[in-house]
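# Structural overview for review
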Amino acid sequence: MFRFLMRLTGLAALLCAPASIARAESAPSENPRWSIAIHGGAGTIERTAITPQQDTEIRAALSAALEAGSKVLKDGGTATDAIVAVITFLEDNHNFNAGKGAVFTWDKTNELDSSIMDGSDLSAGAVAGVTATKNPILLARAVKDNSPHVMLSGKGADQFSREQGLEQVDPDYFATPYRLKQIEDLLAEKVSAKDVDYKFGTVGAVAMDSKGNMAAGTSTGGMTGKRWGRIGDSPVIGAGTYADNRSCAISATGSGEYFIRLAVAHEICTRIKVRVSDMEGEAGLSQADVQKIADDVIAELGELGGTGGVIYATPWGQAGYSFNTPGMYRARATSDGEQSVSIYGDEG
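Values in this document were obtained by computation on a predicted structure and should not be read as measured data.

Each helix and strand counted, the chain has 11 helices and 12 strands in total. The buried share of the chain, reckoned over its 348 residues, is 52%. Sequence separation of 24 or more characterises 70% of the internal contacts of the chain that already satisfy a separation of 6 or more. On the chain, roughly 15,300 Å² of surface is accessible, and the fraction owed to carbon and sulfur atoms is 54%.

Core analysis: the largest hydrophobic core is formed by 36 residues, its most contacted members being Val206, Ile250, Val264, Ile268, Ile272 and Val310. At six residues, helix α11 (residues 287-304) tops the list of elements feeding residues into this core. Once residues lying within four places of it in the same chain are set aside, the contact partners of valine 206 are Ser35, Ile36, Ala37, Ile83, Ala215, Ala216, Ala249, Ile250, Ser251, Ile311, Tyr312 and Ala313. Ranked by size, the runner-up nonpolar core spans 32 residues in total, among them Ile58, Ile137, Ala140 and Ala331.

A word on the sheet that holds strand β12 (residues 339-344). Across the sheet, which stays open at both edges, the eight strands sit in the order β4-β3-β2-β6-β5-β1-β11-β12 with mixed pairing between neighbours. With partners counted over all chains shown, the strands left at the sheet margins are β4 (151-153) and β12, one partner each. On average, each strand axis in the sheet is inclined to that of its neighbour by 5°, with strand direction left out of account. As paired strands, strand β11 (residues 327-334) and β12 are joined by five bridges and run antiparallel to one another. Note on β12: the bridge partner recorded for alanine 333 is glutamine 339. Sitting on the sheet, helix α5 (residues 136-146) is in contact with β2 (112-118), β3 (123-130), β4 and β6 (214-220), with an inclination near 135° to β3. Along the sheet, helix α6 (residues 154-163) makes contact with β3 and β4, crossing β4 at roughly 105°.

It is worth spelling out the pattern of salt bridges at this point. Enumeration over the complete set of coordinates arrives at 19 salt bridges. Notably, a salt bridge pairs aspartate 55 with arginine 59, separated by 2.7 Å at the nearest N-O pair. Note that aspartate 55 and arginine 59 are positioned in helix α3 (residues 52-74) at a spacing of four residues, about one turn of the helix. Two residues, arginine 271 and glutamate 267, come together in a salt bridge whose shortest N-O distance is 2.7 Å. Of this pair, arginine 271 and glutamate 267 both sit in helix α10 (residues 264-277), four residues apart, roughly one helical turn. Since its relative accessible area comes to 24%, glutamate 267 is described here as partly exposed.

It is worth spelling out the side chain of threonine 202 at this point. One can find threonine 202 in the loop between α8 (193-197) and β5 (203-208). Among the polar contacts listed, one links the side chain of threonine 202 to the side chain of threonine 220, at a separation of 2.8 Å. Look past the residues within four positions of threonine 202 in its chain and what remains in contact with it is His39, Gly40, Gly41, Asn97, Thr218, Ser219, Thr220, Ser234, Ala252 and Thr253.

Running from N to C, α3 and helix α4 (residues 79-91) point in directions that differ by 160°, and their axes come no closer than 8 Å. Classified by the angle their axes make, α3 and α4 are roughly antiparallel. Helix-helix and strand crossings are classified by hand; for α3 and α4 the assignment is right-handed. When α3 is examined against α4, the residues Ala61, Ala64, Ala65, Ala68, Gly69, Val72 and Leu73 are found in contact with a partner set consisting of Ala79, Asp81, Ala82, Ala85, Val86, Phe89 and Leu90. Its residues assigned to classes, the contact of α3 with α4 shows 12 nonpolar, one polar and one charged.

This paragraph deals with the environment of threonine 78. Topologically, threonine 78 is positioned in the loop between α3 and α4. Separated by 132 residues in the primary sequence, threonine 78 and serine 210 have C-alpha atoms spaced 7.7 Å apart. Apart from residues lying up to four places away in sequence, threonine 78 is in contact with Val72, Leu73 and Asp209. Looking at threonine 78, its side chain comes within polar contact range of the main-chain nitrogen of aspartate 81, at 3.0 Å.

For any pair of aromatic rings, the description consists of the separation of the ring centres together with the inter-plane angle of the planes. Scanning all chains against the criterion turns up two aromatic pairs. With centroids separated by 6.3 Å and ring planes inclined at 85°, the aromatic side chains of phenylalanine 96 and tyrosine 329 adopt a geometry described as edge-to-face. Of this pair, phenylalanine 96 sits in the loop between α4 and β2 while tyrosine 329 is found in strand β11, placing the two residues 233 residues apart along the sequence. As far as the burial class goes, phenylalanine 96 and tyrosine 329 line up, both buried.

Criteria and cut-off values
- Residues numbered from 1 in each chain as written.
- Predicted model: local features only at pLDDT ≥ 70, side-chain atom pairs only at ≥ 80, totals over all residues.
- Heavy atoms only, no water.
- Helix = DSSP H or I, 4+ residues; strand = E, 2+ residues; numbered from the N terminus.
- Buried < 20%, exposed > 50% of the residue type's maximum accessible area, 1.4 Å probe, protein only.
- Contact = heavy atoms within 4.5 Å.
- Areas by Shrake-Rupley, 256 points an atom, 1.4 Å probe, with all protein chains shown as cover.
- Core = buried A, V, L, I, M, F, W, Y, C linked by side-chain atoms within 4.5 Å.
- Pairing = 2+ DSSP bridges.
- Axes fitted to C-alpha atoms, helices over the stretch in contact; angles between N-to-C directions.
- Salt bridge = Lys/Arg side-chain N within 4 Å of Asp/Glu carboxyl O.
- Polar contact = N/O pair within 3.5 Å; in protein donor to acceptor, adjacent residues only side chain to side chain.
- Parallel < 35°, antiparallel > 145°, perpendicular 65-115°, else oblique.
- Left-handed = near helix turned anticlockwise from the far one by under 90°.
- Nonpolar A, V, L, I, M, F, W, Y, C, P; charged D, E, K, R; others polar.
- Phe/Tyr/Trp six-rings, centres within 6.5 Å; stacked < 30°, edge-to-face > 60°.

Listed below in structure tokens is the structure:
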């Protein structure tokens, strides 16, 4: 009887434990599962609006970033390390609005935002309006790991970055001729903010590692011609980035004000968690179930007037995306052998 009661006590403790803890303590699988999805922005991305050279460069960059993240996961690394590997690569690529190649503010400066979240313990770090850190995602991670705070901004974030020993660059490092022309055309009133900005270049990644832990990260230069210290959704935990081992990992890109108002990243994860709690057993949700939840939230975003998209990863090894724009720079891979790189809306 004593042994029986002890077994019941142990079982009750396991069932009451957070999903992340129970998963982390499980025995390693002979064929561990992992998944990853990445994005480089969404918007008016059509074949007629992109040159063949741009198409080739962007696909190559997405492929290389996907491989960098996938390698971390294949080697048994953490989801957080995979996220950082992807985003640092994309921040260093001038084709995206993050790090080098970031858009300019109204005052012709660069103000960078980034965030990262670990779904195993809900720890998170974010920065907004930083001006000299070569890779803002590394600063967001440093905030998560080495400070008591979740978000730092402006001069304080820059100071913390220096104190952490992160690589600093001169302001002109981020500038590219393409981005300079965008802001000059905007200031000369040759184009509207909507027209110059309608190809969102924010970058992000989401992943599940071989231990079942989730992570998400996002990085951006914000909106061309932004003023008054404007901050979008990318560094806002719950809007542009969210991860929870019990539901999903999300990174968003698009018209940030609308993503903030709808708390898109958190909303998707919450709906998944509620759906799981209503189910019997531990099979989890199907890809179709997760896709519908993501699509429903993006549809609601559209009803508010917002455009953009999200990428997702789930505790059941799925990776995917949902968007309401003509295209989205995106890629995904799983331990099941799935791998794809896409740009236009009519690609799988």
